[in-house]
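What the coordinates show
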Amino acid sequence: MAQIEQLLKYQEEDEKLLKLEQETAGSDERKRFVQSKNFLTKAPEQLERLDGKAAELTALLEKLNKSSNELEEALKDFDNLDEMVQEGANVTFYKKSAVALQKKIRSLKAEIAALSKSVKDVDDEYKALKKKVIAMQKQYKESKEAYSKLKDSKKEEVAALEEDLKKLSKDISPEVLTKYKAKRNERIFPIICAVKGDRCSKCGMELSIKGKETLASGSVIECENCHRILYK
């Protein structure tokens, strides 16, 4: 029972330390710091992607413009159709060819207009992202300093609690303490709970026959459901 009492004392002090950690982790300073850090970590990849997309679209736009210019040059060959008609020539074939060229040119012009808009949209997105990067760089610097100050303000209190925990741990079995710390890392808290009737007082899971026998012998067991350390 002395071991359990010591564990409960340890957990009581550890809960104070946990609250400090949660206050720091949930602070606005840390949230802003993490937000800006994550953004700046991903930003180079996003900028590179937009830059590559812009280059690809621009190359395609140049290709379409070149094709359009070539078709317009080809269309000039049909500028003298009126003269040919006056001279009595059969220009039906040439007219069909000219109409086909005009359709191709119109189609290309529509593609060029749509592509030009896409290029502009990508360029605007790139510029907006660059602007946000500059703002986030400022936020990162400011939030990093604020977060460091917050952690520094709690250093003495954290150190005092860690020292108390170190003293209390001397009277706790290394095996039990290792298990306790592993569960704490799993975000289980409280870790040590009393049994209520024949059930876990936290999740309500009924103990197995073997678990009841182990508790009756004065040892601790692990809840099969929530994995807390149980004592009687």
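Below is a short write-up of the structure. Bear in mind that the values here come from a model prediction, so they are computed numbers and not experimental data. (Residues numbered from 1 in each chain as written. Predicted model: local features only at pLDDT ≥ 70, side-chain atom pairs only at ≥ 80, totals over all residues. Heavy atoms only, no water.)

1. What to know about helix α1 (residues 2-25)
- When the terminal C-alpha atoms of α1 are compared, their 34 Å separation across 24 residues agrees well with the 34 Å that a helix rising 1.5 Å per residue should span.
- Those residues of α1 that sit buried are Ile 4, Gln 6, Leu 7, Tyr 10, Gln 11, Glu 13, Asp 14, Leu 17, Leu 18, Leu 20 and Thr 24. (Helix = DSSP H or I, 4+ residues; strand = E, 2+ residues; numbered from the N terminus. Expected span 1.5 Å × (residues − 1). Buried < 20%, exposed > 50% of the residue type's maximum accessible area, 1.4 Å probe, protein only.)

2. Observations regarding the packing of α1 against helix α5 (residues 174-185)
- One way to put it is that α1 packs onto α5 with a least axis distance of 12 Å and a crossing angle of 30 degrees. The pairing of α1 with α5 is recorded here as roughly parallel in orientation. The way α1 lies across α5 gives a crossing that is right-handed. Seen from α1, the contacting residues are Gln 3, Leu 7, Tyr 10, Gln 11, Asp 14, Leu 17, Leu 18 and Glu 21; seen from α5, they are Val 176, Leu 177, Tyr 180, Lys 181 and Arg 184. (Axes fitted to C-alpha atoms, helices over the stretch in contact; angles between N-to-C directions. Parallel < 35°, antiparallel > 145°, perpendicular 65-115°, else oblique. Left-handed = near helix turned anticlockwise from the far one by under 90°. Contact = heavy atoms within 4.5 Å.)

3. With respect to the pattern of salt bridges
- Per the stated rule, a full pass over the model turns up 13 salt bridges.
- Measuring nitrogen to oxygen at the nearest pair gives 3.3 Å for the salt bridge that ties Glu 72 to Lys 109. Highlighted residues: Glu 72 in helix α2 (residues 28-75) and Lys 109 in helix α4 (residues 92-169), separated in sequence by 37 residues.
- A salt bridge links Asp 198 to Lys 212, with the shortest nitrogen-to-oxygen separation between them at 4.0 Å. Here the residue Asp 198 occupies a position in the loop between β1 (192-196) and β2 (199-200), and Lys 212 occupies one in helix α6 (residues 209-216), the gap between them amounting to 14 residues.
- If you follow the salt bridges from partner to partner, you end up with Asp 198, Arg 199, Glu 206 and Lys 212 in one network. (Salt bridge = Lys/Arg side-chain N within 4 Å of Asp/Glu carboxyl O.)

4. Considerations on unusual backbone geometry
- In this structure, Pro 190 follows Phe 189 across a cis peptide bond, with omega equal to -5 degrees.
- Within the element layout of this structure, Pro 190 appears in the loop between α5 and β1.
- One non-glycine residue, Arg 187, adopts positive backbone phi at about 70 degrees.
- A positive phi is found at His 227, a non-glycine position, where the angle reads about 65 degrees.
- Its location among the elements puts His 227 in the loop between β3 (221-222) and β4 (229-231).
- Here His 227 falls in the partly exposed class, since its relative accessible area comes to 36%.

5. Quick notes on the sheet that holds β2
- The four strands are arranged β2-β1-β4-β3 in an open sheet whose pairing can be described as mixed. Edge strands, defined here as strands with exactly one partner in the open sheet, are β2 and β3.
- Both β1 and β2 contribute to a ladder of two bridges, which runs antiparallel. Bridging across to β2, Lys 196 finds its partner in Arg 199.
- Packed onto the sheet, α5 meets β1, β3 and β4 and runs at close to 125 degrees relative to β4. (Pairing = 2+ DSSP bridges.)

Remember that the coordinates give geometry; whether it matters functionally is a separate question.
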